[in-house]
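Okay, here's what each chain looks like letter by letter:
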Amino acid sequence: MDRKTHEVLKFLIDWNNLLVDPPVEGAISEMYFCFIASCQVKGKDKVSWLQFVKCLQNIDEICICHAFTCYPSNALSLTYEDPFKCFSRITSIDRLALNLVYKRVKITMDPVSGEESPKTPSSPLPGAQTAIYHKPIPKDKEEKLDLLLELAESRRAKPKRSINDLCAGLTPTDLEDIYTTTSKAKRLRQLNLLLATHAGSHILTKERAKLRTIIKPFYDCCDDPKHTQMLISLVSFDRQTNYCKLDQHKLNDRLNMGYGNDNDISKCVNQKIHFIPIIQSQTDTKLGDCSYLDTCHKMSSCRYVHYGQLMPLDDVSAKKATQHNKSIQKAMQVSDFTRGESMSPASRPELPAQWINCDVTKLDFSILGNDFALIIADPSWTIHMNLNYSSLTDSDLLQIRMDKLQKEGLFLLWVTGRTIETGRDFLKKWGYKVVNQITWVKTNQLVRTISTGRTGHWLNHSKEHLLVGLKGNPKWLNKCIDPQILISSTRETSRKPDEIYGMVERMVGPGTRKLEIFGRQHNTRPGWLTIGNQLNGTHLVEKEIAERYYKVASV
Ligand code: SAH
């Protein structure tokens with residue numbers, strides 16, 4: 001085996017171990033890019049695409065039982081001039097086969113130069129271990145483990161360690177080496193370690209999320225009442241936006257006159273948000289803060305105290321966010337690591353926003369297609385509250401053919417109070433398993449948790465829940481990227497936080513079809529089809545959907 005094949009083999013073992021969960025799925029072209037990237041990091045010579053495929057063939061031939069299962073099965077024997085056109089993927093890499101070959105290569109190579117040693121015997125090794133080596137690699141996982149144990153134990157039977165020992169290295173030197181099991185007693189500990197190790201796909205998805213997630217500036221809030229007191233007379237308030245504007249000259253005059261600690265307040269207005277009480281003619285300060293603050297429906301007559309926000313003047317956080325958000329464009333061009341897909345979703349353009357104004361209970365769902373990766377629904381449950389839109393009875397909602405929309409994927413359902421149980425029940429009836437629940441903790445304008453909400457019979461509602469239903473076993477889901485909890489401010493009645501879109505889009509990846517049921521105009525966005533009865537008309541971009549929709553609508 002030449003040095004380059006050896007390098008590729010070493011890379012495959014690392015890569016395979018990194019991915020933890022075999023069988024490994026991936027396009028050969030993507031493995032090649034990872035390999036090239038690792039060559040660059042290590043300052044090694046590059047291997048051309050054709051050489052790479054040749055090395056794979058070489059490794060495969062050396063393995064007694066073939067190391068790769070490819071799709072299509074002749075993938076390795078085809079020559080691809082353009083890696084981007086290579087759609088074949090390796091569906092499984094046999095870790096045991098690779099390890100065995102690697103151990104053999106390691107002992108037959110001159111460790112210093114990496115060149116083949118002239119003394120290398122053509123057959124691997126004499127004796128008992130050769131017999132094990134020549135055993136076909138079993139298909140069954142348990143048997144594979146036994147073979148590894150056999151190898152390890154036969155090594156232990158020989159007291160002297162020798163570099164020529166076929167099994168050298170198969171005995172782990174420490175517990176970190178989780179891929180080579182030694183004794184049955186250690187299995188459990190090793191299994192635990194294995195489970196605690198993140199798969200490469202997971203690590204890469206998290207990295208990708210960091211690079212591509214739009215961030216918003218984050219500010220601390222000033223809690224010094226002296227600052228607020230001083231600023232009251234120095235700001236003007238804009239009723240439309242709820243923002244305050246500082247008169248810097250007035251502040252300087254005030255500071256020159258010796259009020260306050262010059263450094264302290266000047267620094268603070270630059271870095272933190274200040275909430276300035278807005279005292280209107282009807283305001284009765286003795287009553288304290290309005291529970292609804294900036295979401296109050298009767299702001300102009302409310303007698304409770306409201307606030308205006310004075311944002312930090314030197315917006316370092318905003319500058320940082322802008323810089324990061326600009327770099328996202330570039331990060332989007334980097335080819336994605338994908339599982340089971342040979343084409344990077346980043347190269348697939350996102351569909352523009354689409355929407356249909358309709359009565360959801362009457363729409364024939366078969367026109368929408370059944371390949372949504374993700375569905376989110378925020379039904380207007382009957383909750384005995386005065387809302388400015390129509391609501392649905394439980395039985396109307398259950399009648400909707402939600403079961404027709406997905407072959408596999410996620411269905412997220414917003415629920416409150418009593419509907420938590422009903423929602424779970426409905427998801428099950430529509431063919432989903434409730435696998436999780438996302439909680440939105442609501443904050444108010446003053447960035448505090450809400451203590452007096454508009455809903456709640458027993459305790460005030462200060463959170464809402466989004467049930468996560470799963471249908472099928474979608475391998476493409478990115479798991480464990482975001483936390484289960486989302487802390488965000490309330491806005492108009494029923495409006496849900498926008499952060500949820502980022503969260504769920506990271507779960508299903510870019511370029512997938514997503515559906516929002518009971519959405520309003522502000523919910524429409526690229527990649528999503530939104531349906532609801534408060535939308536502005538109908539706007540469809542996908543040709544087949546538009547054709548089917550207008551055909552049905554014209555009847
Ligand atoms: N998630 C939304 C709020 C949804 S409120 C947001 O973030 O803003 C529920 C919406 O469902 C309302 O717009 C209501 O008008 C709509 N709706 C109620 N019954 C409907 C029906 N039968 N068909 C379509 N939309 C309906």
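Since this is a predicted model, take the numbers as computed values, not measurements. (Residues numbered from 1 in each chain as written. Predicted model: local features only at pLDDT ≥ 70, side-chain atom pairs only at ≥ 80, totals over all residues. Heavy atoms only, no water.)

## Examining the pattern of salt bridges
The test is simple: Every case where a carboxyl oxygen of Asp or Glu lies within 4 Å of a side-chain nitrogen of Lys or Arg is listed as a salt bridge. Starting at the N terminus, helices and strands are each numbered in turn, a helix being any DSSP run of H or I of at least four residues and a strand any DSSP run of E of at least two. When a residue's accessible area, from a 1.4 Å probe over protein chains only, is under 20% of the maximum for its type it is buried; when over 50% it is exposed; and in between it is partly exposed.
The tally for this structure, following the rule as stated, stands at 20 salt bridges. Two residues, Arg3 and Asp45, come together in a salt bridge whose shortest N-O distance is 3.8 Å. With Arg3 in helix H1 (residues 3-19) and Asp45 in the loop between helix H2 (28-42) and helix H3 (49-62), the pair connects residues that are 42 residues apart, well separated along the chain. Take Arg3: its relative accessible area is 31%, and that puts it in the partly exposed class. A salt bridge links Lys429 to Asp425; the nearest nitrogen and oxygen atoms lie 3.2 Å apart. Of this pair, Lys429 and Asp425 are both found in helix H14 (residues 419-429), four residues apart, which corresponds to roughly one turn of the helix. Lys429 sits in the exposed class, given a relative accessible area of 51%. Three or more residues joined by partner-sharing salt bridges are found here, namely Asp378, Lys442, Glu464 and Lys496.

## A few points about the site of the ligand
Here is the rule we go by: For this purpose, a residue is taken to be near a molecule or strand whenever a single non-hydrogen atom of the residue falls within 4 Å of it. Side-chain atoms alone can form a polar contact between residues adjacent in sequence; in general such a contact is a pair of N or O atoms within 3.5 Å, and within protein one must be able to donate a hydrogen while the other accepts it. To be clear on the numbers: accessible area is Shrake-Rupley with a 1.4 Å probe, and residue cover counts the displayed protein chains and nothing else. Under the scheme applied here, ten amino acids are nonpolar (Ala, Val, Leu, Ile, Met, Phe, Trp, Tyr, Cys and Pro), four are charged (Asp, Glu, Lys and Arg), and all others, including Gly, are polar.
Every one of the 18 residues lining the ligand counts as a neighbour, but Val360, Asp378, His522, Asn533 and Gln534 are closest to it. Ser390 places a side-chain nitrogen or oxygen 3.5 Å from a nitrogen atom of the ligand. Against a free-state accessible area of 580 Å², the protein chains account for coverage of 97% of the ligand. Class assignment for the residues of the shell around the ligand results in five nonpolar, eight polar and five charged.

## Overview of unusual backbone geometry
In this structure, Leu293 takes a positive phi of about 45° despite not being glycine. Mapped onto the elements, Leu293 comes out in the loop between strand E7 (272-278) and strand E8 (306-310). Taking relative accessible area as the criterion, Leu293 reaches 2% and is therefore assigned buried. If you check the backbone angles, Phe518 has positive phi at about 70° while not being a glycine. Mapped onto the elements, Phe518 comes out in the loop between strand E15 (514-517) and strand E16 (528-532).

## Observations concerning the sheet that holds strand E13 (residues 463-471)
The pairing of strands in a sheet comes from backbone hydrogen bonds and takes either a parallel or an antiparallel form. Quick reminder of the rule: When DSSP finds two or more bridges between two strands, those strands count as paired. Helix axes are fitted to C-alpha atoms over the stretch in contact, other axes to C-alpha atoms as well, and angles between N-to-C directions run from 0 to 180 degrees.
On the basis of which strands lie adjacent, the open sheet formed by eight strands has the order E9-E16-E15-E10-E11-E13-E12-E14 and mixed pairing. Each of the sheet's edge strands pairs with one partner strand only, and the pair in question is strand E9 (354-357) and strand E14 (485-489). Strand-to-strand twist in this sheet, taken as the mean axis angle between neighbours without regard to direction, amounts to 20°. With five bridges connecting them, strand E12 (residues 433-443) and E14 associate as parallel partners. Looking at the pairing, Lys442 lines up with Ser488 of E14.

## A short note on helix H10 (residues 248-256)
Where H10 begins, one side-chain oxygen reaches toward the backbone nitrogen of His249, 3.1 Å away; that side chain belongs to Asp247. Residue Gly258 follows H10 closely and has a positive phi angle near 95°.

## Structural notes on the environment of Ile500
Put simply, the rule is: For this analysis, residues touch if any pair of their heavy atoms sits within 4.5 Å.
Following the sequence through the fold, Ile500 ends up in helix H15 (residues 499-508). In this structure Ile500 comes out as buried when scored by relative accessible area, which is 2%. A C-alpha to C-alpha distance of 9.4 Å links Ile500 and Ile438, two positions 62 residues apart in sequence. Setting aside chain neighbours within four positions, we find Ile500 in contact with Ile376, Trp414, Ile438, Leu466 and Leu486.

## Overview of the nonpolar core
Using the following cut-off: Working definition of a nonpolar core: buried Ala, Val, Leu, Ile, Met, Phe, Trp, Tyr and Cys residues. They are joined through side-chain atoms within 4.5 Å.
Counting residues in hydrophobic clusters, the biggest one holds 37 residues, and the most contacted among them are Leu9, Leu12, Phe52, Leu56 and Phe68. Residue assignment for this core shows that the elements contributing at least two residues are H1, H2, H3, strand E2 (68-71), strand E3 (89-93) and helix H4 (95-108). When near neighbours in sequence (up to four residues on either side) are disregarded, Phe68 contacts Leu12, Leu56, Ile59, Asp60, Leu76, Ile90, Ser92 and Ile93. Ile375, Leu405, Leu540 and Ile545 belong to the second-largest nonpolar core, a separate cluster that totals 35 residues.

## Details of the packing of H2 against H3
Put simply, the rule reads: Here roughly perpendicular refers to angles of 65 to 115 degrees, roughly parallel to angles under 35, roughly antiparallel to angles over 145, and oblique to all remaining angles.
Following both chains from N to C, one finds H2 and H3 inclined at 110°, their axes separated by 11 Å at the closest point. In terms of their interaxial angle, H2 and H3 are classed as roughly perpendicular. Residue-level inspection shows Ile28, Ser29, Met31, Tyr32 and Phe35 of H2 in contact with H3, the latter providing Trp49, Phe52 and Leu56. Class assignment for the residues of the contact of H2 with H3 results in seven nonpolar, one polar and no charged.

## What to know about the packing of aromatic side chains
Note the cut-off: Centre distance within 6.5 Å is the pairing criterion for rings of Phe, Tyr and Trp, where only the six-membered ring of Trp is used; planes under 30 degrees apart are then read as stacked, over 60 as edge-to-face, and the remainder as tilted. Ring-over charges, as used throughout, are those where CZ of Arg or NZ of Lys falls within 6 Å of the ring centre and within 35 degrees of the ring normal.
Taken as a whole and judged by the stated rule, the model has twelve aromatic pairs. Each ring, one from Tyr32 and one from Trp49, has its centre 5.2 Å from the other, and the planes form 75°; the classification is edge-to-face. One end of the pair, Tyr32, is in helix H2; the other, Trp49, is in helix H3, and 17 residues separate them in sequence. The exposure class of Tyr32 is buried, given its relative accessible area of 10%. A centroid spacing of 5.9 Å and a plane angle of 35° characterise the contact between Trp381 and Phe426, whose relative ring orientation is tilted. Taken as a pair, Trp381 in the loop between strand E10 (374-377) and helix H13 (394-399) and Phe426 in helix H14 lie far apart in primary sequence, 45 residues in all. Trp381 gets classed as buried once you look at its relative accessible area, which sits at 5%. For Phe426, a relative accessible area of 5% corresponds to the buried category. Across the ring face of Trp440, the terminal group of Lys442 is positioned such that the distance to the ring centre comes to 5.2 Å. Its end group placed over the ring of Tyr501, Arg525 keeps NZ or CZ at 3.7 Å from the ring centre.

## Here we look at the pairing of E2
Of the two faces of E2, only one is covered, namely that formed by Phe68 and Cys70; the face formed by Thr69 and Tyr71 stays uncovered. With four bridges connecting them, E2 and E3 associate as antiparallel partners. Looking at E3, one finds that Thr69 is bridged to Ser92.

## Details of the confidence of the model for the protein
Definition in use: Each residue carries a pLDDT score, the predictor's confidence in it, ranging from 0 to 100.
Averaged over all residues, the pLDDT of the protein is 79; the fraction at 70 or higher stands at 74%. Scored below 50 in pLDDT, residues 110-129 makes 26 contacts in the model with residues more than four places away or belonging to other chains.

## A word on the side chain of Asn523
Structurally, Asn523 is set in the loop between E15 and E16. Looking at Asn523, its side chain comes within polar contact range of the main-chain nitrogen of Arg520, at 2.6 Å. Each residue touching Asn523, except ones within four places of it in the same chain, is listed here: Tyr501, Glu516 and Thr530.

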